[in-house]
Amino acid sequence: MTFPKDLVAASATPIILAVLQGRDTYGYAIIRKVQQISDHRIDWKEGMLYPVLHRLEAAGLVESYWVVAENGRRRKYYHITAAGRSEYRALIDQWSVVYRALCSLSEESP
Amino acid sequence: MFELESQISTWKRHIQAAGSIGYSDSEELESHLRDSIDELSEQGVSEEEAFLLAVRRLGDTAVIHEEFAKLTTEDLWRSLFVPADSPLTARRNRIELLIVLGLAVCAGLLSKIPAVLGFGDLEQYSLLYLKNAALFAFTPIAVYFLYKRALPLRSSIPVLSIFPFMAILINLYPSYEPHHTAILTAVHLPIVLLSVLLYFYGGPSPLIRRGHQGAGTPAGWRSTNTRLNFVRFAGESFIYVILIGLGGLVLIFLTAGTFELIGLDAFPFITAWIAPFGFFGLFIMAAYLVGQKQSLIESIAPVLARIFTPLFLLVLLSLLTAFALTPNQAYENRSMLIWFDVILAIVLGLALYSMSAREIDDSFPPAADQSPDPLGPSRRRADAPRLWDLLTCALILSAVLVDIIALSGIIMRLSAYGFTPNRAAALGENILLLINLILLSLGYLRYILKGQPFRDILVMQMRILPIYPIWALIVIMLFPPFFAFR
């Protein structure tokens, strides 16, 4: 499924923050996780994830550190900060308001 | 035969080439690419196909570049980075160059205003030119940014009017022998005007409200990142000014020498026209070039910081040794104190500059000293202190010591010989420097010993930066009347 660009851009932040809620992880794993839970319907251009992550980092919502995996590969892990968590809660509130509004509107006029 | 490693390194060079993707970013993308290739290979895809697929999945390189460049749209130099391939951007760039050249000529013309008003003699009115030099050099830069950043005129014109206001103020103040306050004005005006340029560099700063918290995040000239970029911009412009200025000097002497050979004295023409236009136009050209030739200076800047940090550490240590050997010299010799101050100012500038250049050089920490961690794969903070930070910290700590010596010297001279404009200005500056250096060293110690983020130091330093222009403004506006314009 292809989404309009604006929707992808707007939804990327809450989705990434949601993935990071669970545990620290790295870019590639975030992409795979999102594909997996959405049955490949959310299919980002993978390279676009990193500018978004860096933007979140610059805004203080996530932090990053490098990790060397067992196979010697160096990966940059991201960790959600306290500010990131409260931003996440705020975003979820906003999205659920929109979602509920859409639901009740579509029930009114099917 | 498909060579995966060489293909990956070619790909990496390719994505690094445009400059908006830094070293650390490309490392991260490479790691992603390799993960992707591994997974595809496990599914039985050949190495070559896996590479091609993985690259495709990453998406259009040009778009990624643009996204990375957007990350730092507030730094003008990176946004210049988007290649000028479309005819529209090419045209914009041509217009911009024309405007910059025009402004450079304007800077030269500004410097001719005193001559029009009857103060043409450089020798006789040298102080007047010294006092106004910063105005000639910096006003065109403000206008350039006004155009370049398309700043809102309504909020920018009042800020722009600081330039004529300062011009009128400093020239209305009289100056009597021995002209100390006038010289102080000449030295302090660049600091004030530079801080005004920050506004034009960063743009106005409305407080953006974050809906849910009600907490404001500063944008525009107030934001830490903008200030950091501005510091870097100022440092790099300075390097350009020195480089081009030296080249220009050589050229001038060559020309003058040639004219002398054919029996013409070119020096009057050079001092009247070429030198002022060249010198004052230099600053706006440097400001423009910093934006245009971003990648060039980005590779020089960290190198320069690395060369000079240990050298200045040596200078400070030798100063301290000299002081320990002959303590009286430092107190009694007036010029020694001045040198202390100059060196301290340079050290602070260097520390600021290497702090601002640090992110560019955000390279991967060496894999050698990874220690196994119970949390799983061995981990290490991305901004763990390196040898480099230890050196900078040592530099700052020794600067604190040197500053304490300088400060005690000034206080001693003050109590022995009373207040003069120079001593009062030096006292103020040394106190500000000392406070700043102590805060910096505390920040560094917290960062190195307690592992607090490096960013805390940057935020602190950028927040206290305005104390310098404020003090400079006091020196310019209040010192002359206070010291009877002497």
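Numbers given to residues run from 1 along each chain, matching the order in which its sequence is written. Working convention: letters from A go to chains and numbers from 1 go to ligands, in the order in which they are written. Local features in a predicted model are, by the rule used here, given only for residues with pLDDT of at least 70; side-chain atom pairs are given and counted only at 80 or more, and totals for whole chains, interfaces and linings are based on all residues. Calculated side-chain values reflect all of the structure's heavy atoms, with hydrogen atoms and water omitted.

### Remarks on the overall build of chain A
For step 1, the next point in the chain: A run of DSSP states H or I qualifies as a helix once it reaches four residues; a run of E qualifies as a strand once it reaches two. Both are numbered from the N-terminal end. Secondary structure assignment for chain A yields 4 helices and 3 strands.
For step 2, the next point in the chain: When burial is assessed residue by residue, chain A has 46% of its 110 residues classed as buried.
For step 3, the next point in the chain: Considering only contacts within chain A whose residues lie at least 6 apart along the sequence, 47% involve residues at least 24 apart.
For step 4, the next point in the chain: What sets the accessible areas is the Shrake-Rupley method with a 1.4 Å probe; for residues, cover comes only from the shown protein chains. Total accessible area computed for chain A in this model is approximately 6,200 Å², and 57% of it derives from carbon and sulfur atoms. The cut-offs for exposure are 20% and 50% of the maximum accessible area for each residue type, with area from a 1.4 Å probe on protein chains only; residues under the lower value are buried, those over the upper are exposed, and the others partly exposed. We call two residues contacting when some pair of their heavy atoms lies within 4.5 Å.

### Quick word on the overall build of chain B
For step 1, the next point in the chain: The secondary structure content of chain B amounts to 21 helices and 3 strands.
For step 2, the next point in the chain: Counting contacts in chain B only where the partners sit at least 6 residues apart, residues at least 24 apart contribute 77% of the total.
For step 3, the next point in the chain: For chain B, the exposed surface amounts to about 24,300 Å²; the carbon and sulfur share of it is 69%.

### Examining the side chain of A:Lys76
For step 1, the next point in the chain: As for its position among the elements, A:Lys76 is in strand S3 (residues 74-80).
For step 2, the next point in the chain: Buried charge without a salt bridge: A:Lys76, with B:Glu28 as the nearest opposite-charge side chain at an N-O distance of 4.3 Å. Charge counting follows a simple rule: Lys and Arg are positive, Asp and Glu are negative, and His as well as the terminal groups are ignored. Whenever a carboxyl oxygen of Asp or Glu lies within 4 Å of a side-chain nitrogen of Lys or Arg, that contact is scored as a salt bridge.

### A look at helix H20 (residues 467-477) of chain B
For step 1, the next point in the chain: B:Tyr468, B:Pro469, B:Trp471, B:Ala472, B:Val475 and B:Ile476 are the residues of H20(B) that are buried. Mapping the buried residues of H20(B) onto a view down its axis gives an arc of 160°, with all of them on the same face. Working note: the arc is built from the helix axis to C-beta atom directions.

### As for the nonpolar core
Residue and element names in this part refer to chain B.
For step 1, the next point in the chain: Residues enter a nonpolar core if they are buried and are Ala, Val, Leu, Ile, Met, Phe, Trp, Tyr or Cys, with the set joined through side-chain atoms within 4.5 Å. Ranked by internal contacts, the top residues of the largest apolar core, which has 50 residues, are Leu 316, Tyr 444 and Phe 479.
For step 2, the next point in the chain: Taken together, the elements giving at least two residues each to this core come down to helix H12 (224-261), helix H14 (294-325), helix H16 (334-358), helix H17 (387-417), helix H18 (421-450), helix H19 (454-464) and H20.
For step 3, the next point in the chain: Reported domain spans reflect what an automatic or database domain assignment gives. Two domains each put at least three residues into this core: domain 2 (87-206 + 219-292) and domain 3 (302-361 + 385-452).
For step 4, the next point in the chain: Beyond its immediate stretch of four places on either side in the chain, Phe 479 contacts Thr 181, Leu 184, Pro 421, Ala 424, Ala 425, Trp 471 and Ile 474.
For step 5, the next point in the chain: Formed by 48 residues, the second largest nonpolar core is a distinct cluster that contains Tyr 129, Ala 133, Phe 163 and Phe 230.

### Things to note about the pairing of S3(A)
Residue and element names in this part refer to chain A.
For step 1, the next point in the chain: Most of S3 sits out of view: 5 of its 7 residues are buried.
For step 2, the next point in the chain: In terms of strand pairing, strand S1 (residues 25-26) meets S3 through 2 bridges, oriented antiparallel. Considered in S3, the bridge of Thr 25 is made with Tyr 78.
For step 3, the next point in the chain: By the bridge criterion, 7 bridges tie strand S2 (residues 62-68) to S3 in an arrangement that is antiparallel. Pairing between two strands requires that DSSP report at least two bridges joining them.

### Overview of the pairing of S2(A)
For step 1, the next point in the chain: A large share of S2(A) lies buried, amounting to 6 of its 7 residues.
For step 2, the next point in the chain: Hairpin geometry of S2(A) and S3(A) is characterised by an intervening segment of 5 residues between the two adjacent antiparallel strands and by a positive phi of about 85° at A:Gly72.

### What about a nonpolar patch on the surface?
Residue and element names in this part refer to chain B.
For step 1, the next point in the chain: Exposure above 30% relative accessible area and the lack of any salt bridge qualify a residue for a patch; like charges then connect within 9 Å, and the nonpolar side chains Val, Leu, Ile, Met, Phe, Trp and Tyr within 5 Å. A cluster of nonpolar side chains, Leu 397, Ile 431, Ile 435, Ile 438, Leu 439, Leu 442, Leu 445 and Leu 449, forms an exposed patch at the surface whose accessible area comes to about 660 Å².
For step 2, the next point in the chain: In terms of residues, the nonpolar patch owes the most to one element, H18, which gives 7 residues.
For step 3, the next point in the chain: Looking at the secondary structure, you find Leu 397 in helix H17.

### Examining the pattern of salt bridges
For step 1, the next point in the chain: Scanning all chains against the criterion turns up 11 salt bridges over all chains.
For step 2, the next point in the chain: The salt bridge partner of B:Arg34 is B:Glu5, with a shortest N-O separation of 2.9 Å. Here B:Arg34 is found in helix H2 (residues 23-42), whereas its partner B:Glu5 is found in helix H1 (residues 4-17), with 29 residues between them in sequence.
For step 3, the next point in the chain: Relative accessible area serves as the criterion here: at 18%, B:Arg34 is assigned to the buried category.
For step 4, the next point in the chain: Put simply, B:Lys148 and B:Glu96 hold a salt bridge, and the shortest N to O gap is 2.9 Å. With B:Lys148 in helix H8 (residues 126-148) and B:Glu96 in helix H6 (residues 87-110), this residue pair connects regions lying 52 residues apart in the sequence. You'll find B:Lys148 and B:Glu96 in the same group, each marked buried.
For step 5, the next point in the chain: Three or more residues joined by partner-sharing salt bridges are found here, namely A:Arg74, B:Glu5, B:Lys12, B:Glu27, B:Glu30 and B:Arg34.

On their own, these measurements won't tell you what the molecule is for.
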